[in-house]
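In case you want the letters, here they are:
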Amino acid sequence: MTAQFFGDTRRRLPTAAYDLAIRLGATPGLERTRVHLTQVGRMRQDAASKWMAFRADQTIATRTCAFDWRARSGPAGLVRIRDSLAGAEGHLRVTVLGVPIARMPASVALTRGQLMRYLAEIPWAPDAILLNRALDWRVLGADRLVVGAGPAEARVEVELTLDREGRVSEVYAPDRPRAVHGGTRPTPWRGRFSNYGLHDGMLLPFQGAVEWIVDGVEEVAWEGRLGNWHALTA
């Protein structure tokens, strides 16, 4: 990394976005290309569905918009779920004993949803703020920023709200595609982060929750706890 790179990064980002990255532990000059983390928690399809416990491994890229979330759920962990964004395309597949039981076909809606997830999970990969040039930022106020990414019709934005300590406490999108009756419907979607702690020099949220807002009613769909976390350089 060169001094020119640092200067370009500093000029490219709004001060509030750059300061957020540094506050969360991102370090100019460290080439952390992705992070790996583990999670445990529970999830459900909608408010009428039963909760399912899960254990997951995830990688999140810091230079490109990409992630790979692989979870085990159901009896004896026989249900495998892979949720990912790669090559500017979203993917979602569910198998039982290796047999596919659900798969969302590639679509603009699926890609938009996965892009929103990537942007919303920046608190678990703060280096992306500095390193991912595909992201663009706007400042709405002292405690609100908007981060966007994606080309043309796949373009998305997610709003970040900061707490009193300047950490991301909430993420929000008014139109994340939600699976409904074999199709998708743009639906308000919110994520919450809490229980921040220092780990490997990073200030990370160890608790998270996600909810859909359906007809004005908040429906929590995912709750998770961060386990292991480490950055990778290759």
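Quick note: structure is the one above.
Let me begin by describing the structure that accompanies this report. (Residues numbered from 1 in each chain as written. Predicted model: local features only at pLDDT ≥ 70, side-chain atom pairs only at ≥ 80, totals over all residues. Heavy atoms only, no water.)

### So, the layout of surface pockets
So the rule is basically this: Any residue with an atom within 4 Å of a point lines the site, the site being either a cavity, points on a 1 Å grid over the protein atoms alone where a 1.4 Å probe fits but cannot get out, or a pocket, an open set with protein on both sides within 12 Å along at least 5 of 7 lines. Grid points are joined across faces, edges and corners, and a volume is the space filled by probe spheres set on the points. Elements are defined by DSSP. Helices are runs of H or I of four residues or more, strands are runs of E of two residues or more, and each kind is numbered from the N terminus. Think of it as three bins: nonpolar holds Ala, Val, Leu, Ile, Met, Phe, Trp, Tyr, Cys and Pro, charged holds Asp, Glu, Lys and Arg, and polar takes everything else, Gly as well.
The calculated volume of the largest pocket comes to roughly 1400 Å³. What lines the largest pocket is a set of 46 residues, and nearest its centre among them are Arg44, Gln45, Asp83, Leu92 and Trp212. Among the elements of the structure, β4 (79–86), β5 (89–96), β6 (99–104), α3 (108–120), β10 (168–180), β11 (183–199), β12 (202–214) and β13 (217–232) are those that each provide at least two residues to the lining of the largest pocket. In terms of residue class, the lining of the largest pocket is built from 26 nonpolar, nine polar and 11 charged.

### A few points about the pairing of strand β2 (residues 52–61)
Selection criterion: DSSP bridges decide pairing: two strands pair if at least two such bridges lie between them.
Bridge count between strand β1 (residues 34–43) and β2: 10 bridges; the pairing is antiparallel. Paired with arginine 34 across the bridge in β2 is alanine 61. Taking the residues that link successive antiparallel strands as the turn, the β2-strand β3 (residues 67–73) hairpin has five residues.

### Side note on the environment of aspartate 83
What counts is decided by this rule: The contact definition used throughout considers only heavy atoms, calling two residues in contact when any of these lie within 4.5 Å. Between N or O atoms, a polar contact is any pair within 3.5 Å; within protein, one atom must be a potential hydrogen donor and the other a potential acceptor, and residues adjacent in sequence are included only when both atoms are from side chains.
The topology assignment puts aspartate 83 in strand β4. Each C-alpha atom of the pair aspartate 83 and alanine 71 lies 8.5 Å from the other, and the pair is 12 residues apart in sequence. Among all residues touching aspartate 83, those that are not within four sequence positions of it are Phe67, Asp68, Trp69, His91, Leu92, Gln114 and Arg117. At a separation of 2.5 Å, a polar atom in the side chain of aspartate 83 contacts the side chain of glutamine 114. Within the local environment of aspartate 83, its side chain forms a polar contact with the side chain of arginine 117, the two groups lying 2.6 Å apart.

### Comments concerning the pattern of salt bridges
To keep it simple, the criterion reads: Salt bridge, as used here: a side-chain nitrogen of Lys or Arg that lies within 4 Å of a carboxyl oxygen of Asp or Glu. Relative accessibility under 20% of the residue-type maximum defines a buried residue, over 50% an exposed one, and the middle range a partly exposed one, all with a 1.4 Å probe and only protein chains included.
In total, this model carries 20 salt bridges according to the counting rule given. A salt bridge links glutamate 31 to arginine 63; the shortest N-O distance between them is 2.9 Å. One end of the pair, glutamate 31, is in the loop between α2 (15–24) and β1; the other, arginine 63, is in the loop between β2 and β3, with 32 residues separating them in the sequence. Overall, glutamate 31 belongs to the partly exposed group, its relative accessible area being 30%. The class of arginine 63 is partly exposed, set by a relative accessible area of 36%. For arginine 155, the salt bridge goes to glutamate 157, with nearest N and O atoms at 3.0 Å. Judged by relative accessible area, which is 30%, arginine 155 ranks as partly exposed. A cluster of three or more residues bridged by salt bridges with shared partners is formed by Glu170, Arg190, Arg192, Glu211 and Glu218.

### With respect to the side chain of threonine 111
Topologically, threonine 111 is positioned in helix α3. Its relative accessible area of 8% is what places threonine 111 among the buried residues. Here glycine 90 takes part through its backbone nitrogen, which lies 3.0 Å from a polar atom of the side chain of threonine 111. Not counting the four nearest positions on each side in its chain, threonine 111 is found in contact with Leu85, Ala88, Glu89, Gly90 and Ala154.

### Remarks on the nonpolar core
Which entries qualify depends on this criterion: Throughout, nonpolar core names a set of buried Ala, Val, Leu, Ile, Met, Phe, Trp, Tyr and Cys residues whose side chains join them through atoms within 4.5 Å.
Core analysis: the largest hydrophobic core is formed by 58 residues, its most contacted members being Trp69, Tyr118, Leu135 and Trp137. By residue number, the principal contributor to this core is β12, which donates seven residues. Residues contacting tryptophan 69, with those up to four places away along its chain left out, are Gln39, Met43, Phe54, Ala56, Asp57, Gln58, Ile81, Arg82, Asp83, Arg117 and Trp222.

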